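Residue-level listing of the chains:
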Amino acid sequence: MSEIAENFQAVQAEIAKAASAIGRDPDRVSLVAVSKRQGPERILPALQAGHRLFGENRVQEAQGKWPDLRAAYPDARLHLIGPLQTNKVKEALALFDAIQTLDREKLAIALAKARDQGAALPDLLVQVNTGEESQKAGIAPQQAEEFIAHCRTDLALPVTGVMCIPPVDEEPAFHFGLLAGIQERCGLRDLSMGMSGDYPTAVSMGATMIRVGTALFGSRPPV
Ligand SMILES: *Cc1c(COP(=O)(O)O)cnc(C)c1O
């Protein structure tokens, strides 16, 4: 078995352990394999091992990498987990099966406009800036419920969930709890939280999607 296939088994086992410890069905946790900055030589072993759900953080990089991979594996699905510029919306809609980074009004309006012009919209997750970090994208937690209601009601956007990236130097559980509360109060299906360093905690706090890169593919080349 390839090293990457072994990593997938190990992560799946951790998910199962964290889920069963609180009586959750591990199959209800989707593993988004974050393949940003990884080349086909690391992504192919994951596809060959049967994995089909991947996350990329740049539209342009995904556009370069995924057409060939998808030609070989047409059922592979791709989530955008990085910031989306409004001038890249059309390209993103052509490529991604979910956009996890709906993080501002301007993008919501651009997505609604693309839909009005005939584009099909994928599942959308609202990114919440739970740590209220100025350098990080996302809706402030106090405004999240109002923003989500606005997107769903006024703009008729298919918002299915929320996602967060906690501050690196803080206890993630606080942020996961904050996000889970927003998900619950809004009655949303998807709760995207947890990365290589903290996904078992996220699973035990109700994550339905975890986004794991390094633990599956190894370290990434620098930007
Ligand atoms: C890179 C990235 C991840 C994966 O991070 P790892 O620590 O490598 O697991 C998850 N979510 C987002 C939004 C990312 O940009």
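Here the structure is shown first, and the text comes after it.
## Things to note about the site of the ligand
Right, so step 1: Lining the immediate surroundings of the ligand are Val 34, Lys 36, Ile 81, Ile 165, Met 195, Ser 196, Arg 211, Val 212, Gly 213, Thr 214 and Arg 220.
Right, so step 2: With respect to the ligand, the backbone of Gly 213 contributes an N or O atom lying 2.8 Å from an oxygen atom.
Right, so step 3: Note that an oxygen atom of the ligand is positioned 2.8 Å from one of the side-chain N or O atoms of Arg 220.
Right, so step 4: In the complex, 89% of the free accessible area of the ligand, which totals 390 Å², lies under the protein chains.
Right, so step 5: A class-by-class count of the residues in the shell around the ligand yields 5 nonpolar, 3 polar and 3 charged.

## Things to note about the environment of Pro 141
Right, so step 1: Positionally, Pro 141 belongs in helix H6 (residues 141-154).
Right, so step 2: According to the relative accessible area criterion, Pro 141 is buried, its value standing at 12%.
Right, so step 3: Sequence spacing of Pro 141 and Leu 179 is 38 residues, and the spatial spacing of their C-alpha atoms is 8.0 Å.

## Structural notes on the packing of H6 against helix H7 (residues 172-186)
Right, so step 1: Direction vectors running N to C along H6 and H7 enclose 35 degrees, while the axes themselves pass 10 Å from each other. In the crossing of H6 with H7, the sense of the turn from one axis to the other is right-handed. Every residue of H7 that contacts H6 at Pro 141, Ala 144, Glu 145, Ile 148 and Arg 152 is listed here: Leu 178, Ile 182, Arg 185 and Cys 186.
Right, so step 2: Residues that form the contact of H6 with H7 fall into these classes: 6 nonpolar, no polar and 3 charged.

## Describing the pattern of salt bridges
Opposite charge on two side chains lets them pair, provided their charged atoms get close.
Right, so step 1: Under the criterion given, the structure shown has 11 salt bridges.
Right, so step 2: Linking Lys 17 and Glu 14 is a salt bridge whose minimum nitrogen-to-oxygen distance equals 3.8 Å. One end of the pair, Lys 17, and the other, Glu 14, are both in helix H1 (residues 3-21), 3 residues apart, so they sit about a helical turn from each other.
Right, so step 3: Given a relative accessible area of 30%, Glu 14 falls into the partly exposed group.

## Structural notes on the environment of Thr 86
Right, so step 1: With respect to the secondary-structure elements, Thr 86 resides in the loop between strand S3 (77-80) and helix H4 (89-95).
Right, so step 2: Residues Thr 86 and Thr 101, spaced 15 residues apart in sequence, show a C-alpha to C-alpha distance of 12 Å.

Definitions and cut-offs
Residues numbered from 1 in each chain as written. Predicted model: local features only at pLDDT ≥ 70, side-chain atom pairs only at ≥ 80, totals over all residues. Heavy atoms only, no water. Near = heavy atom within 4 Å. Polar contact = N/O pair within 3.5 Å; in protein donor to acceptor, adjacent residues only side chain to side chain. Areas by Shrake-Rupley, 256 points an atom, 1.4 Å probe, with all protein chains shown as cover. Nonpolar A, V, L, I, M, F, W, Y, C, P; charged D, E, K, R; others polar. Helix = DSSP H or I, 4+ residues; strand = E, 2+ residues; numbered from the N terminus. Buried < 20%, exposed > 50% of the residue type's maximum accessible area, 1.4 Å probe, protein only. Axes fitted to C-alpha atoms, helices over the stretch in contact; angles between N-to-C directions. Left-handed = near helix turned anticlockwise from the far one by under 90°. Contact = heavy atoms within 4.5 Å. Salt bridge = Lys/Arg side-chain N within 4 Å of Asp/Glu carboxyl O.

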